[in-house]
Amino acid sequence: MEIIRVRDELHMITLEFGTAYLWRDEHGLTLVDTGIAGSADAIEEGIRAVGQEPAALRRIVLTHHHEDHTGSAAVLARRHCAQVVAHRLEAPVVRREQPPVPPVLSPFEQQLWEGLPAVPPAEPCPVHREVEDGDVLDIGGGAVVVHVPGHTDGSIALHLPGPGVLFTGDAVANVQGRIVPGVFNTDPALTLASFHRLAALPVETAVFGHGDPIARGASAALRAAAEQHAQV
């Protein structure tokens, strides 16, 4: 487990498999994604390492249903009475009421997919608030839910206009210094459209489901990357 301070109010917790983001403001703590199952203790350790208490966890936002994002949500929500938030289309999968839609893999992605380590299944998790595009959460002066379908049907990003922060989820990755659309998508064309939508937002800081955060100048970096990935 590694902790990276992105901003005073935002820390990245890198887990054995997956990443969680901790946001702190006057309303308490918000966690965006939770890594794989079995990560709850490490996340709590990370919270304490930045001078906070896990008991202050008020909300868990899930960007989508994949196990490396939802794996420890049920345990953390149960331990700390935290509200779980997910898009309306993701909620039945997070609750394990319906199966996920499988990704459409290119030959390159198929090779990547086959090389991934097995991860434990996520425990079914309640979703206390189902959100839609444009809904606003009480985070950082108002976090706007941005529906970014393509990686999964109900993938979301969070845009905090006040502090200029963007949580992209897996719609965008920042891997080896390259900002690219996410892989393993149910609809690659929609993923590309969602990538362009996020690149058009005014943000100073961007954090990704996979890859290094951009603390400053994120808008310019996202726009430049989008120019390299033309929409069909």
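Criteria and thresholds
- Residues numbered from 1 in each chain as written.
- Predicted model: local features only at pLDDT ≥ 70, side-chain atom pairs only at ≥ 80, totals over all residues.
- Heavy atoms only, no water.
- Pairing = 2+ DSSP bridges.
- Helix = DSSP H or I, 4+ residues; strand = E, 2+ residues; numbered from the N terminus.
- Axes fitted to C-alpha atoms, helices over the stretch in contact; angles between N-to-C directions.
- Contact = heavy atoms within 4.5 Å.
- Buried < 20%, exposed > 50% of the residue type's maximum accessible area, 1.4 Å probe, protein only.
- Arc of directions from axis to C-beta.

**Re the sheet that holds strand 4 (residues 28-32)**
Ordered in space as 1-2-3-4-5-6-7, the seven strands form an open sheet in which the pairing is mixed. Only two strands of the sheet have a single neighbouring strand rather than two, namely strand 1 (2-7) and strand 7 (129-131). Neighbour-to-neighbour, the strand axes of the sheet open up by a mean angle of 20 degrees, direction not taken into account. Where strand 5 (residues 57-61) and strand 6 (residues 83-87) come together, three bridges link them in parallel fashion. Counterpart to Arg59 in the pairing with strand 6 is Gln83. Here helix 1 (residues 40-49) sits on the sheet in contact with strand 1, strand 2 (10-14), strand 3 (19-25) and strand 4, set at roughly 145 degrees to strand 2.

**Observations concerning helix 1**
All of the buried residues along helix 1 are Ala40, Ile43, Glu44, Gly46 and Ile47. With its buried residues spanning 155 degrees around the axis, helix 1 presents them on a single face. Exposed residues on helix 1 whose side chains face more than 90 degrees from its buried face are Asp41 and Ala49. Of the surrounding secondary structure, the elements contacted by the buried residues of helix 1 are strand 1, strand 2, strand 3, strand 4 and helix 3 (73-80). Positioned one or two residues after helix 1, Gly51 has a phi angle of 85 degrees, which is positive.

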